[in-house]
Amino acid sequence: MEARPFTPMVQKLRSAGLRPTRQRMSLAKLLFDAGDRHVTAEQLHQEATSARVRVSLATVYNTLHQFTTAGLLREVVVQPGRSYFDTNTSDHHHFFIEANGHLEDIPGDSVALARLPEPPMGTRIERVEVIVRVTRD
């Protein structure tokens, strides 16, 4: 018997503790079927609109934040009010090309930090993310 096209997405959402609603399923398919990538809420909304998925921009934002909280995405904040959502949740860093707003992955072991400050009392360091901002010559 052949698996249904949405079966992997249903399993992915359920294993993350999310109910597989129609809108979550449609957005997850757009996000994860294309492999590792970085996307803004506006870009995903445009992709959804082009794919005839009826969803508001607010719902896209809410879904991206739910996916991030569930560990399915990583939010990369490049400046206040400007975030990308990364489907690659492994430990890695980013180049941010300011001229065109493009993010590019840097393998986690390509960045070495000699030391980190002690975190504030009652907290612990969860992970370190480095964004290297680059401009064209």
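This one's a predicted model, so the numbers in the text were calculated from it and none came from an experiment.

Calculation criteria
Residues numbered from 1 in each chain as written. Predicted model: local features only at pLDDT ≥ 70, side-chain atom pairs only at ≥ 80, totals over all residues. Heavy atoms only, no water. Pairing = 2+ DSSP bridges. Helix = DSSP H or I, 4+ residues; strand = E, 2+ residues; numbered from the N terminus. Buried < 20%, exposed > 50% of the residue type's maximum accessible area, 1.4 Å probe, protein only. Contact = heavy atoms within 4.5 Å. Patch = residues over 30% accessible without salt bridge, like charges linked within 9 Å, V, L, I, M, F, W, Y side chains within 5 Å. Areas by Shrake-Rupley, 256 points an atom, 1.4 Å probe, with all protein chains shown as cover. Salt bridge = Lys/Arg side-chain N within 4 Å of Asp/Glu carboxyl O.

S.K.: Sorry if this is basic, but what is going on with the sheet that holds strand E2 (residues 74-79) here?
M.R.: Note: strands within a sheet are paired through backbone hydrogen bonds, in either parallel or antiparallel orientation. Ordered in space as E1-E3-E2, the three strands form an open sheet in which the pairing is antiparallel. Looking at the sheet topology across the chains shown, the edges are occupied by strand E1 (38-39) and E2.

S.K.: Honestly, helix H2 (residues 22-32) in this entry has me stumped. Any pointers?
M.R.: Because an α-helix completes one turn every 3.6 residues, residues spaced three or four positions apart along the sequence face the same direction. Of the positions making up H2, those classed as buried are Arg-24, Met-25, Ser-26, Leu-27, Ala-28, Leu-31 and Phe-32. Summarising the contacts, the buried residues of H2 are in contact with helix H1 (7-15), E1, helix H3 (41-50) and helix H4 (57-69).

S.K.: What exactly am I supposed to notice about the environment of Thr-69 here?
M.R.: Residue placement: Thr-69 occurs in helix H4. The exposure class of Thr-69 is exposed, given its relative accessible area of 73%. Between the C-alpha atom of Thr-69 and that of Arg-14, which follows or precedes it by 55 residues, the distance is 14 Å.

S.K.: Please clarify how a nonpolar patch on the surface should be interpreted in this entry.
M.R.: Together, Leu-113, Leu-116, Ile-125 and Val-128 line one region of the surface with nonpolar side chains, adding up to about 320 Å² of accessible area. By the secondary structure assignment, Ile-125 is in the loop between strand E5 (102-107) and strand E6 (131-134).

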